[in-house]
There are 2 protein chains.
Amino acid sequence: MSQNKRADLIRKALLLFYRNGFHATGMDLVARETGVSKTSIYKHFRTKEELILAVLRLRDENFRNWLFRRMEELADTPQGQLLAMFDALEEWFHEDGFKGCMFIKASAEYQNPNDAINAQSYAHKRMLVDHFEALATQARADDPHVLARQLLLLKEGAIVIAAMSHSPEAAREAKSVATLLLSS
Amino acid sequence: MSQNKRADLIRKALLLFYRNGFHATGMDLVARETGVSKTSIYKHFRTKEELILAVLRLRDENFRNWLFRRMEELADTPQGQLLAMFDALEEWFHEDGFKGCMFIKASAEYQNPNDAINAQSYAHKRMLVDHFEALATQARADDPHVLARQLLLLKEGAIVIAAMSHSPEAAREAKSVATLLLSS
DNA sequence: ATCAACGTGTACTGATCGGTTAACTCAATC
DNA sequence: GATTGAGTTAACCGATCAGTACACGTTGAT
């Protein structure tokens, strides 16, 4: 299997797991929907867990690239970018296939701290907060570390409520709190 | 089966679903761990979904009772109670068996808006935010509706991050944001 | 003592779970 | 042209999935 086909498999598996959940998506369904036989899948991934980890790596890369790029497109100061994150989130919430955060869902289905899926899900959040902290430092915030973590709370809260309510308005509410945080 | 045994079954099933997840917990395990045979379980609940709905009803009742009571114990003004919510949350995060919010996890595993489990999970959040709004109104907030929803975002964000990071510190960070919100 | 009604547990259903076996295809090498 | 080896497939593995059929023991009424 070429690198292209492998990447294609991961991409298609991502959509399945994102839409249906991890436990609820069997490997037979993955094989059927991707057009790759189970034997071939298991040539490249020793277990379902390894496939999920590859999916999460792709999701992490895609999501961070998209979010950070969008923040830069929407604003040119560090403060502005941190605020613009919530505009980017609102765009995401409006997308047709929006079903919440894949990493929150992954850590909800694999709760054991020793589980690689659990660890990798939280690693994604740490990478996000590190970026926020760097921007907060550039913005000369009093306490960049705390500010970054507070913004993360708002972001995760907004994602969870947007997903559960099937409505994007949480993004604006979170942004208004963030505005207050960044002006104080 | 008496009402006691039925209630006992729901209580034990709650722990199993909370610890292991919904899809990952089979009905055979529920029967084994509760000491009630599958036949008896299915006499009272036509499907696994109905059992889960009963579990969620119990969880909703228990959690709201606990949270609202704890808020009242910790403070006597409406503002104080809204702030004290984050102290109550921190107590929860410190508990041994803390594994995040059952309703967030339920809606993560049952994402279809038409699914009763999904609807009931969001109903829990609406009941919480209604209580927050009543308190915010008593506290003479400028916009009690928006304030209540902002506090909900902070609460959900704190729960998600506390669960993913296996650390309770998110409660304090959320509280500091709430303090700012309630003083402005 | 007999019978009916009910609650329960054992053992089963077909389907699906994650994962594997063995046969097959086909291009590259000698 | 025979051989090899990587990539593919259908068929299968035991275990478990949600859910059910049925036999059994107990109970209360007659």
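First, a word on what this report is: a plain description of the structure on this page. Throughout this description, residue numbers start from 1 for each chain and increase along the sequence as written. Numbering of ligands from 1 and lettering of chains from A proceed in the order in which they are written. Given that the model is predicted, a residue must reach a pLDDT of at least 70 before its local features are reported, and side-chain atom pairs must reach 80 or more before they are shown or counted; all residues, however, enter totals for whole chains, interfaces and linings. Note: side-chain values were computed over all heavy atoms of the structure, leaving out hydrogens and water.

For the rest of this paragraph, the subject is the protein's contact with DNA strand C. Working definition: residue near molecule or strand if any one of its non-hydrogen atoms lies within 4 Å of it. By nearness alone, 14 residues border DNA strand C, and Met27, Lys38, Tyr42 and Lys48 of chain A together with Thr39 of chain B come closest of all. In protein, a polar contact requires one atom able to donate a hydrogen and another able to accept it; more generally it is a pair of N or O atoms within 3.5 Å, and residues adjacent in sequence count only if both atoms are side-chain atoms. In the model, a base oxygen of DNA strand C is placed 2.3 Å from a nitrogen or oxygen of the lysine 38 of chain A side chain. Taking tyrosine 42 of chain A, its side chain carries an N or O atom lying 2.9 Å from a phosphate oxygen of DNA strand C. A run of DSSP states H or I qualifies as a helix once it reaches four residues; a run of E qualifies as a strand once it reaches two. Both are numbered from the N-terminal end. Contributions of two or more residues to the surface near DNA strand C are made by helix 2 (27–34) and helix 3 (38–44) of chain A together with helix 3 (38–44) of chain B. Throughout this entry, Asp, Glu, Lys and Arg are counted as charged residues, while Ala, Val, Leu, Ile, Met, Phe, Trp, Tyr, Cys and Pro are counted as nonpolar. The remaining residues, Gly among them, count as polar. Of the residues contributing to the surface near DNA strand C, the split by class is three nonpolar, seven polar and four charged.

By this rule the span expected of a helix is its residue count minus one, scaled by 1.5 Å. Across its 14 residues, helix 9 (residues 170–183) of chain B extends 20 Å between first and last C-alpha, which sits within 8% of the 20 Å expected from 1.5 Å per residue. Think of it in three bands: residues with accessible area under 20% of the maximum for their type are buried, residues over 50% are exposed, and the middle band is partly exposed, with areas taken using a 1.4 Å probe on protein chains only. Among the residues making up helix 9 of chain B, those that are buried are Ala170, Ala171, Glu173, Ala174, Val177, Ala178 and Leu181 of chain B. Mapping the buried residues of helix 9 of chain B onto a view down its axis gives an arc of 165°, with all of them on the same face. Turned more than 90 degrees from where helix 9 of chain B packs its buried face, Arg172 and Ser183 of chain B sit exposed. Contacts are assigned to residue pairs with any non-hydrogen atoms lying within 4.5 Å of each other. Its buried side turned inward, helix 9 of chain B meets helix 8 (144–165) and helix 9 (170–183) of chain A together with helix 5 (78–94) and helix 8 (144–165) of chain B. Think of the arc as the fan of directions from the helix axis to the C-beta atoms.

Turning our attention to the pattern of salt bridges. Residues and elements named next belong to chain A. Here a salt bridge means any side-chain nitrogen of Lys or Arg lying within 4 Å of a carboxyl oxygen belonging to Asp or Glu. Counted under the stated rule, the structure contains 26 salt bridges over all chains. Glutamate 50 is paired through a salt bridge with arginine 46; the nearest N and O atoms lie 2.8 Å apart. Under the relative-accessibility criterion, glutamate 50 is labelled partly exposed at 26%. Accessibility expressed as a relative area gives 66% for arginine 46, which makes it exposed. Three or more residues joined by partner-sharing salt bridges are found here, namely Arg69, Arg70, Glu73 and Glu91.

Although it is not a glycine, histidine 166 of chain A adopts a positive phi angle of roughly 55°. For histidine 166 of chain A, the position within the fold is in the loop between helix 8 and helix 9. Note on histidine 166 of chain A: relative accessible area 43%, which makes it partly exposed. In this structure, arginine 140 of chain B is a non-glycine residue whose phi angle is positive, near 60°.

Right, let's talk about the protein's contact with DNA strand D for a bit. Lining the immediate environment of DNA strand D, one finds 15 residues, of which Ser37 and Thr39 of chain A together with Met27, Lys38 and Lys48 of chain B sit closest. What you see for DNA strand D is that sugar and phosphate hold 52% of its atoms within 4 Å of the protein. Within the contact set of DNA strand D, a base oxygen lies 2.3 Å away from a side-chain nitrogen or oxygen of lysine 38 of chain B. Contacts to DNA strand D include tyrosine 42 of chain B, whose side-chain N or O atom sits 3.0 Å from a phosphate oxygen. Listing elements by their share of the surface near DNA strand D, those giving two or more residues are helix 3 of chain A together with helix 2 (27–34) and helix 3 of chain B. A per-class count over the surface near DNA strand D returns three nonpolar, seven polar and five charged.

Here we come to the packing of helix 9 of chain A against helix 9 of chain B. Geometrically, a packed helix pair is captured by the angle between its two axes and the distance between the axes. Orientation is described by axes fitted as lines to C-alpha atoms, over the contacting stretch for helices, and by angles from 0 to 180 degrees between their N-to-C directions. Where helix 9 of chain A contacts helix 9 of chain B, the axes come no closer than 11 Å and their chain directions differ by 90°. Between helix 9 of chain A and helix 9 of chain B, the interaxial angle falls into the category roughly perpendicular. Contacts from Val177, Leu180 and Leu181 of chain A of helix 9 of chain A reach helix 9 of chain B at Val177, Leu180 and Leu181 of chain B. Within the contact of helix 9 of chain A with helix 9 of chain B, the residues separate by chemical class into six nonpolar, no polar and no charged. Working rule for angles: under 35 degrees goes down as roughly parallel, over 145 as roughly antiparallel, 65 to 115 as roughly perpendicular, anything else as oblique.

Okay, the environment of arginine 140 of chain B next. Residue and element names in this part refer to chain B. When you line up the elements, arginine 140 lands in the loop between helix 7 (116–138) and helix 8. By relative accessible area, which is 73% here, arginine 140 ends up exposed. Sequence spacing of arginine 140 and tryptophan 66 is 74 residues, and the spatial spacing of their C-alpha atoms is 25 Å.

Relative to chain B, chain A is turned by 180° and slid 0.0 Å along the rotation axis, the superposed coordinates differing by an RMSD of 0.0 Å. Each copy turns onto its partner about a two-fold axis. For chain A, the smallest separation between a C-alpha atom and the rotation axis is recorded for glycine 157 of chain A, amounting to 1.9 Å. Interface residue correspondence from chain A to chain B reaches 100%, placing this contact among same-surface, isologous pairings. Least-squares superposition aligns the copies on the C-alpha atoms of those residues with pLDDT at or above 70 in both.

Listed by partner, the interface residues are 41 residues for chain A and 41 residues for chain B. Per-residue buried area on chain A facing chain B is highest for Gln111, Leu153 and Met164 of chain A; these three make up 22% of the total on that side. At the junction of chain A and chain B, the tally comes to two salt bridges. Taken together, the links from chain A to chain B amount to twelve residue pairs in polar contact (both at pLDDT 80 or more). Looking at the side of chain A that touches chain B, the elements that each hand over two or more residues are helix 1 (3–20), helix 6 (102–109), helix 7 (116–138), helix 8 and helix 9 of chain A. Looking at the side of chain A that touches chain B, the element that brings in the most residues is helix 8 of chain A, giving twelve residues. Taken together, the residues of the side of chain A that touches chain B break down into 19 nonpolar, 13 polar and nine charged. By convention, the term buried area covers the 1.4 Å-probe accessible surface removed from two parts as they join, with the contributions of both added.

Attention now moves to the environment of serine 40 of chain A. All names here are of chain A. Mapped onto the secondary structure, serine 40 falls in helix 3. Residue serine 40 is classed as partly exposed on the basis of its relative accessible area of 28%. Sequence separation between serine 40 and arginine 6 is 34 residues; the distance between their C-alpha atoms is 9.8 Å.

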